[in-house]
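# Secondary and tertiary structure notes
What follows is each chain in one-letter form.
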Amino acid sequence: MTSQVPLHEGLFTWPATKPQLLGSRCSQCAEAAFPAQPDCRSCGSRDTTIVELGDHGTLWTWTIQTFLPKHPYLSGETADTFRPYGVGYVEMPGGVRVEARLKPNSPDQLKIGMPMQLDIIPFCTDENGDQRMTFAFSAVAEV
Amino acid sequence: MDVAIIGIGLHRFGRSPDMSGMQQGASAVRAALADAGLAWKDMQFAYGGSQDGGNADALVNELGLTGLQFTNIWNGCATGGSSLHAAYTAIKSGEYDMGVVVGFDKHPRGAFNPQPKEWGLDEWYGETGLMLTTQFFALKTQRYMYDHGITEDALIRVSEKAFNNGSITPTAWRQQALSYEEIASSTMVSDPLRKYMFCSPAEGGAALIVCNADKAHQYCSNPLFIKAAAVRTRHYGSFEVFSPSQAMTVADAPTVTASKAAFELAGIGPEDVDVIQLQDTDSGTEIMHMAENGFCEHGEQEKLLREGATQIDGRMPVNTDGGCLANGEPVGASGLRQIYEVCVQLRGEGGARQVANNPKVGYTHVYGAPGISGVNIITK
């Protein structure tokens, strides 16, 4: 049976009803980082703890990847099956801008300052037939 | 003690299918030696680097096993700037009088494919398609345009200038001028950057002969002088390539600090510079680098480009040989190509692309992954 596993451990809480991105926060200077790391990039302290960065944010900048990346890109697509994807930095409530894949993939769907919602999505299928899950952001649906 | 440049050499950028990267480096060294009227055996030291062309110190197999000190330098796109900085300090320290700086490369076609582990990052970052230099430059340009009111017109004008300058530079790879419309309608690669707004990985070699300035006139009637060489890395908060996250507050780029340090060392300001080379990985970065290097205010570029200020006959000529856009990017060699071009201009040997009125002060700037910048100031 196909199961779903994270592409990499420790990036987000999952499975969960409301998955959260995970990062680290420095106990000395309060700066946050993604992914979590034991050393603080701001002050060099090793006094950091893993924290939830949130599940939504604001789009800070964006672009669209229109060609198939070379190795180590792992989506399993070929140049013929490749689907362009959005890439952006999203400002998280946890106090850091996180680079992520974006579900919207055309310029008319993307605008700096728009609200974004975290999604945990199937990215590729590995040799065991398992779906490898990664994080991405989608536009917040208008109410 | 001052440091002089007494010889310059270039192996033409682009594609040399019959030559290895190493051979292109050796070709550049031979050209620089010939320019200086010196022989390889006269060289006391060498600094060199390459990303994909092999270890620079293996050049001795081509040039001669003379026993000189040869140190390999690898610092991303700033490799050339870092090699020159090392040579500059070697002479300034008084340890050596004369040596070579060389850079060369030979990259496969298509975008670079950096490996996360070599940059201290986990595999998932590359596996999920977030680790492309083209993406980063697009992301940074997109935000910069939003913050400073730059439009696509400015991006197009940078490329138009680059390919026009390339068309009158005999050593450039891209020799074909492109019209505004051709650039504006070229394929969108990574919004807001189009096909003709990006440089391509390429091949080539560049070399310089550097010398204690007190002895330069023994070898050369027209030595040039390195007034400043500065290399700086990123600060916490500066928006750099290969960053899975960024701080909420954007700090100055390493270019800003390298540039300030270089101007301070040289004792001059941006207004004193006659000919400029800025890292133009893409047209967006040339625009950002104009301000980061102190040549204008953020946002002023739109108007300056419309006025033609950065063209060869403008008041601040930028990338007179077409820059990376027209010459391609052989990573190890690019920084030294910039110095080569500035030297050509200061010597008055630019031919059709010569900046008028006898330029006396040249400025070069490289930027590379993962956030490193090298600036040089060269004078008559």
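Just so it is clear, the model here is predicted, and its values are computed rather than measured.

Quick notes on the rules
- Residues numbered from 1 in each chain as written.
- Chains lettered and ligands numbered in written order.
- Predicted model: local features only at pLDDT ≥ 70, side-chain atom pairs only at ≥ 80, totals over all residues.
- Heavy atoms only, no water.
- Pairing = 2+ DSSP bridges.
- Helix = DSSP H or I, 4+ residues; strand = E, 2+ residues; numbered from the N terminus.
- Contact = heavy atoms within 4.5 Å.
- Axes fitted to C-alpha atoms, helices over the stretch in contact; angles between N-to-C directions.
- Nonpolar A, V, L, I, M, F, W, Y, C, P; charged D, E, K, R; others polar.
- Parallel < 35°, antiparallel > 145°, perpendicular 65-115°, else oblique.
- Left-handed = near helix turned anticlockwise from the far one by under 90°.

## Points about the sheet that holds strand E4 (residues 48-54) of chain A
Pairing between the strands of a sheet comes from backbone hydrogen bonds, and it takes one of two forms, parallel or antiparallel. Residue and element names in this part refer to chain A. Read from one edge of the open sheet, three strands run E3-E2-E4, paired in antiparallel fashion. Each having just a single partner strand, strand E3 (32-33) and E4 make up the two edges of the open sheet. One ladder, built from two bridges, connects strand E2 (residues 21-26) with E3; its direction is antiparallel. If you follow serine 24 over to E3, its bridge partner there is alanine 33.

## Thoughts on the environment of Gln135(B)
Structurally, Gln135(B) can be placed in helix H5 (residues 133-148). A C-alpha to C-alpha distance of 9.3 Å links Gln135(B) and Leu193(B), two positions 58 residues apart in sequence. Ignoring any residue separated from it by four or fewer positions in sequence, one finds Gln135(B) in contact with Thr63(A), Gln65(A), Tyr85(A), Val87(A), Glu99(A), Gly129(B), Leu130(B) and Ser190(B).

## Observations concerning the packing of helix H3 (residues 79-92) of chain B against helix H13 (residues 331-347) of chain B
Residues and elements named next belong to chain B. Between H3 and H13, the shortest axis-to-axis distance is 6 Å and the interhelical angle comes to 65°. Taking contact as the criterion, the partners of Thr79, Gly80 and Leu84 in H3 are, on H13, Gly332, Gly335, Leu336 and Ile339. Tallied by class, residues from the contact of H3 with H13 come to three nonpolar, four polar and no charged.

## Observations concerning the packing of H5(B) against helix H10 (residues 283-292) of chain B
Residue and element names in this part refer to chain B. Following both chains from N to C, one finds H5 and H10 inclined at 60°, their axes separated by 9 Å at the closest point. As far as their axial angle goes, H10 and H5 are oblique. The chirality of how H5 crosses H10 is left-handed. Contact residues: Phe137, Lys140, Thr141 and Tyr144 in H5; Gly284, Thr285, Ile287, Met288, Ala291 and Glu292 in H10. When the residues that make up the contact of H5 with H10 are grouped by side-chain class, the tally is five nonpolar, three polar and two charged.

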